[in-house]
Structure formats: structure tokens, C-alpha cells
Amino acid sequence: SDHNLVYPASPAAMDWPALYPDFFPPNDEDDLTNATPDAAQATRATGATRACKRVEVADIGCGFGGLLIGLAPAMPQTLILGLEIRDHVTEFVQNRIHALRLQNRSSSACPTASPDEKPAFANIACVRANTMKFLPNFFDKGQLQKIFLCFPDPHFKARKHKARIVSPTLATEYAYVLRPGEGRVYTITDVEDLHKWMVGHFTAHPSFERVPPSEEKADEETDGEGDPCVRIMRTATEEGKKVSRNGGQKFVAVFRRVFDPPWP
Ligand code: SAM
């Protein structure tokens, strides 16, 4: 049940600096006295304000966080948020990220080279959320570049299909938070019926089109031409690893958020 789920009234009500402290350096001299040397230097050098950075990538139903950890070094300047409904799993991922941040800080011999370069794993975080109900509480219209739906629960029985995280209504919510013309939804599953379901709903939706097959290939399959995110979601997710161990098949589809038609 959602009774004990805490969620923000709006994206502006979220405490983003608490999730990504290295990306939100304090912005006055009082705050700077308490800041880490790197954060203080970054603020003085750039005059950055606390409100400048926003999450641009969401991993919906992130499970144990493998995708977040795989994506972190691939897009180090981008804030990535995992959303997970199970509280103990969310807590596990939060602890995992915290440990990785500490481990990397204590093992790196020299401080980060420039104010723009952040410590490893500073750009990923995880919150507990039921994304089927509260996605627009976390993200503004057009905010996201990418949404990942990796190995969503298949809910095999027809009477359970309403629990699937892709439906016409949810596709409209994904379209709302994605940037028109650029935003992408990445899907992967080992259940062919669910793959067809997701492809059916996104292609039927007026805000989405499926990208050409060449753009659904991983970079390693195409001498670097393909999409590194496809490789990462195939290999870094816990479910992806499990399917590989069992010799299963992985079905991938990527959809582009198209521009809205002009008003008549
Ligand atoms: N994406 C991960 C992976 O590929 O390894 C985990 C896949 S697991 C099969 C599906 C995850 O989605 C579970 O961790 C589940 O708790 C989460 N989930 C299911 N419904 C959700 C919802 N409405 N909001 C957020 N997370 C949800």
C-alpha cells in the first residue's frame, strides 16, 4: 500500500541537494565555510546557484541499482534518479551508492581536476516511489532526456495487466516528463509478450515513435555507432545479468518523444 510513501507535492518541493550534494554547492560565503573544499571552489569559480541542476534520466523500478551504477560513469555530468517501490530495496541502493562514493573518495589520490569534474557516483541517487501514481510529483514537464524501463514485472495473467508499468495513461505521463523531440524511453525484457505489449502501447501513442533498428543496437554491436545506454541496460541490470546466466533472450525497444503538433 502507498500509505507510508512520502512523496513531494511538486518537483520544487524535493530536497535535490540532499541527494546530489556535489552538484549543489552552497552559494553564499557563510555556507562556503562549511562546504567541502571542492564544492566551495566550484561555487566560487562558476558562481553556480543551488537551483541550477536537474535530474535528466530516470530509472523506473530500478531494483538493486545495477543500471544506475553502470550509467554513472557514462554520463558523469547528468543527474540520474532511480525510483523503486520496495522500501528495503530502496534503502539497499541508497547504502550501495553511499558506500561507492566513500570508497572512490578515499581511494582517489588527488582531488578532482576541475570544478566541473565531480567525484565518482556523485550523479546517481535512489528514492522510494510508486511511479504509477506519483511521477509528475518528481519531474516537471519536458524535464527528462531518458526514461529506462528495465525488466518490468511481467504480470502474466490478463487480469493483472493493469499493474504493468506501460499503459496508454502511463505512456502519457512518460510523454509529459520527457523533452519533446529528444527524450527517449528505453525498454528491455526477457518476456516476449511484455515486449510486444510495450511496443504496442508506445507506437500507438501519438507522442512516441520507435527509433530505427540501428539506434536500438548497443555500441559494441556496431563498432561504436550504436547506443552505449543499450549496452549498459543489457549488461549492468541485475535482471539482465540473470537472463544472461540462464541463456535467455533480451528484447529491446527504444522510443523517441516526438514534438507536439502545433495548435490548430
Ligand atoms: N530494473 C531492475 C533490473 O532490471 O534489474 C529491476 C527489475 S524488477 C523485475 C522490477 C522492479 O520494479 C522491482 O524492484 C519492483 O519493486 C519495481 N516496481 C514495480 N512496480 C513499481 C512501481 N509502481 N513504482 C516503482 N517501482 C516499481
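Scoring rules and cut-offs
- Residues numbered from 1 in each chain as written.
- Predicted model: local features only at pLDDT ≥ 70, side-chain atom pairs only at ≥ 80, totals over all residues.
- Heavy atoms only, no water.
- Buried < 20%, exposed > 50% of the residue type's maximum accessible area, 1.4 Å probe, protein only.
- Helix = DSSP H or I, 4+ residues; strand = E, 2+ residues; numbered from the N terminus.
- Pairing = 2+ DSSP bridges.
- Right-handed = clockwise from strand over helix to strand, strands pointing away.

## Looking at the pairing of strand β2 (residues 79-84)
Then step 1. Most of β2 sits out of view: six of its six residues are buried.
Then step 2. Neither face of β2 is left uncovered, since the one carrying Leu79, Leu81 and Leu83 and the one carrying Ile80, Gly82 and Glu84 both have all their residues buried.
Then step 3. Bridge count between strand β1 (residues 55-60) and β2: five bridges; the pairing is parallel. Residue pairing across strands places Val55 opposite Leu79, the latter belonging to β2.
Then step 4. Since β1 and β2 lie parallel, the crossover through helix α4 (residues 66-71) that links them has a hand, and here it is right-handed.
Then step 5. The sheet contact formed by β2 and strand β3 (residues 124-128) spans five bridges and is parallel. Counted as the bridge partner of Leu83 is Val127 from β3.

## Focus: the pairing of strand β4 (residues 146-150)
Then step 1. A large share of β4 lies buried, amounting to five of its five residues.
Then step 2. Across four bridges, the pairing between β1 and β4 is parallel. Considered in β4, the bridge of Val57 is made with Lys146.
Then step 3. In this sheet, strand β5 (residues 184-189) lies alongside β4 in parallel orientation, the contact comprising five bridges. What sits directly across from Ile147, in β5, is Val185.
Then step 4. As for the winding sense of the linkage, the β-α-β connection from β4 through helix α7 (residues 168-177) to β5 is right-handed.

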